[in-house]
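Chain by chain, the residues run as shown.
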Amino acid sequence: MTTAAVGLQGSLPPMPERTPKALRAAIEQHTPKLLPDFDRNGREKIAETYDLAPLPAFMTRWWAEFALARDPQLEARVYRLEDEAADATDNAHAKSLVKEAGRLRREASKAQPGQ
């Protein structure tokens with residue numbers, strides 16, 4: 001399942017411009033459960049250090065987090081796969097579950113502004 005396929009089934013909030021300010025506004029409006037962690041992580045990585053070097057990694061992480069969280073069905077599927085992997089007793093099965101969860105996360109994070 002891709003983000004685009006999910007978008008055809010329902011109305012997803014669009015991805016914002018790829019800036020910290022626009023991403024924060026989208027998180028605040030559409031996925032407020034992420035906002036405390038987004039703000040705390042932004043303070044720790046950027047604001048309190050007065051260092052912009054971590055900004056690309058910060059944006060990559062939170063872009064992916066929002067892309068996933070804006071689609072509750074996809075988010076639930078990824079978390080279910082991760083939970084099943086944590087409980088799996090067979091390493092090969094656990095690995096395949098983690099691999100699928102990672103693939104879904106990567107696919108979601110490919111969403112472009114406006115999608």
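Being a predicted model, the structure only gives us computed values, none of them experimental.

Peer 1: Talk me through the overall build of the protein chain; I want residue IDs and the actual numbers.
Peer 2: A tally of regular secondary structure across the protein chain gives 6 helices and 0 strands. Ordered by position from the N terminus, the helices and strands of the protein chain form the series α-α-α-α-α-α. Expressed as a percentage of the 115 residues in the protein chain, the buried residues total 34%. Put simply, of all contacts in the protein chain between residues at least 6 apart along the chain, 63% involve residues at least 24 apart.

Peer 1: Any details on the nonpolar core? Residues and values, ideally.
Peer 2: Grouped together as the largest cluster of nonpolar side chains are 26 residues, with contacts concentrated most on Leu23, Ile27, Phe38 and Trp62. Of all the elements in the fold, those that place two or more residues in this core are helix H2 (20-30), helix H3 (35-47), helix H4 (55-69), helix H5 (72-87) and helix H6 (91-109). Tallying contributions element by element places H4 first for this core, with 8 residues. If near-sequence neighbours (up to four positions away) are discounted, Ile27 is found in contact with Pro32, Leu34, Leu35, Phe38, Trp62 and Phe66.

Peer 1: Can you break down the pattern of salt bridges residue by residue, with the values?
Peer 2: Applying the stated criterion across every chain yields a total of 8 salt bridges. Notably, a salt bridge pairs Glu75 with Lys33, separated by 2.6 Å at the nearest N-O pair. Of this pair, Glu75 sits in helix H5 while Lys33 sits in the loop between H2 and H3, and the two are 42 residues apart along the sequence. Accessibility expressed as a relative area gives 8% for Glu75, which makes it buried. By relative accessible area, which is 52% here, Lys33 ends up exposed. Taking the shortest distance from any N to any O, the salt bridge between Arg40 and Asp37 comes out at 2.1 Å. With Arg40 and Asp37 both in helix H3 and 3 residues apart, the pair spans about one turn of that helix. With a relative accessible area of 33%, Asp37 lands in the partly exposed category. Within the structure, one salt-bridge network assembled from shared partners comprises Arg24, Glu28 and Asp39.

The rules we used
- Residues numbered from 1 in each chain as written.
- Predicted model: local features only at pLDDT ≥ 70, side-chain atom pairs only at ≥ 80, totals over all residues.
- Heavy atoms only, no water.
- Helix = DSSP H or I, 4+ residues; strand = E, 2+ residues; numbered from the N terminus.
- Buried < 20%, exposed > 50% of the residue type's maximum accessible area, 1.4 Å probe, protein only.
- Contact = heavy atoms within 4.5 Å.
- Core = buried A, V, L, I, M, F, W, Y, C linked by side-chain atoms within 4.5 Å.
- Salt bridge = Lys/Arg side-chain N within 4 Å of Asp/Glu carboxyl O.

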